[in-house]
Amino acid sequence: MSELAHISSLLLRADPNKLATVCRQIESLPGGTVALTDPNGKIIVTLETGCEKEIVDHMNTLSLIDGVVSAALVYHETFHESAAH
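Presented here is an overview of the structure given in this document. (Residues numbered from 1 in each chain as written. Predicted model: local features only at pLDDT ≥ 70, side-chain atom pairs only at ≥ 80, totals over all residues. Heavy atoms only, no water.)

Remarks on the sheet that holds strand 4 (residues 68-80)
Strand order in the open sheet formed by four strands is 2-3-1-4, with antiparallel pairing between adjacent strands. Two strands bound the open sheet, and with one partner strand each, they are strand 2 (32-37) and strand 4. Looking at each pair of strands side by side, their axes are set apart by 20° on average, direction ignored. As paired elements, strand 2 and strand 3 (residues 42-49) share five bridges and run antiparallel to each other. Across the sheet, the residue bridging to valine 34 is valine 45, located in strand 3. Where helix 1 (residues 19-28) meets the sheet, its contacts fall on strand 1 (4-14), strand 2, strand 3 and strand 4, and the angle it forms with strand 2 comes to roughly 145°. Here helix 2 (residues 52-63) sits on the sheet in contact with strand 1, strand 3 and strand 4, set at roughly 165° to strand 4. (Pairing = 2+ DSSP bridges. Helix = DSSP H or I, 4+ residues; strand = E, 2+ residues; numbered from the N terminus. Axes fitted to C-alpha atoms, helices over the stretch in contact; angles between N-to-C directions. Contact = heavy atoms within 4.5 Å.)

Re the environment of asparagine 60
Here asparagine 60 shows up in helix 2. Take asparagine 60: its relative accessible area is 45%, and that puts it in the partly exposed class. Put simply, asparagine 60 and alanine 71 are eleven residues apart on the chain and 8.6 Å apart in space, counted from C-alpha to C-alpha. (Buried < 20%, exposed > 50% of the residue type's maximum accessible area, 1.4 Å probe, protein only.)

What about the nonpolar core?
Nonpolar side chains tend to gather and get buried jointly when the protein is soluble and globular. Residues Leu10, Leu12, Val22, Ile26, Ile43, Val45 and Leu62 are the most contacted members of the largest nonpolar core, which totals 17 residues. The element that contributes the greatest number of residues to this core is helix 1, accounting for four residues. (Core = buried A, V, L, I, M, F, W, Y, C linked by side-chain atoms within 4.5 Å.)

Next up, the structure:
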């Protein structure tokens, strides 16, 4: 039986003065990747998780990072990992 994988993207707004620190913390999150940033503090984050609860947990964690002003889910897709291979 195949396992489900959840791919999601989020838009974060962060204090531009704390952008580098925020990005390092995002990258340390399991399945978290910084896909794009801009100097004004916008950050596109992708998450690869095993369930929807992990997405919500990661969003809460991201929201609490010092320097993050907001976090919004933009995209979510579920697929069977075996189908991707």
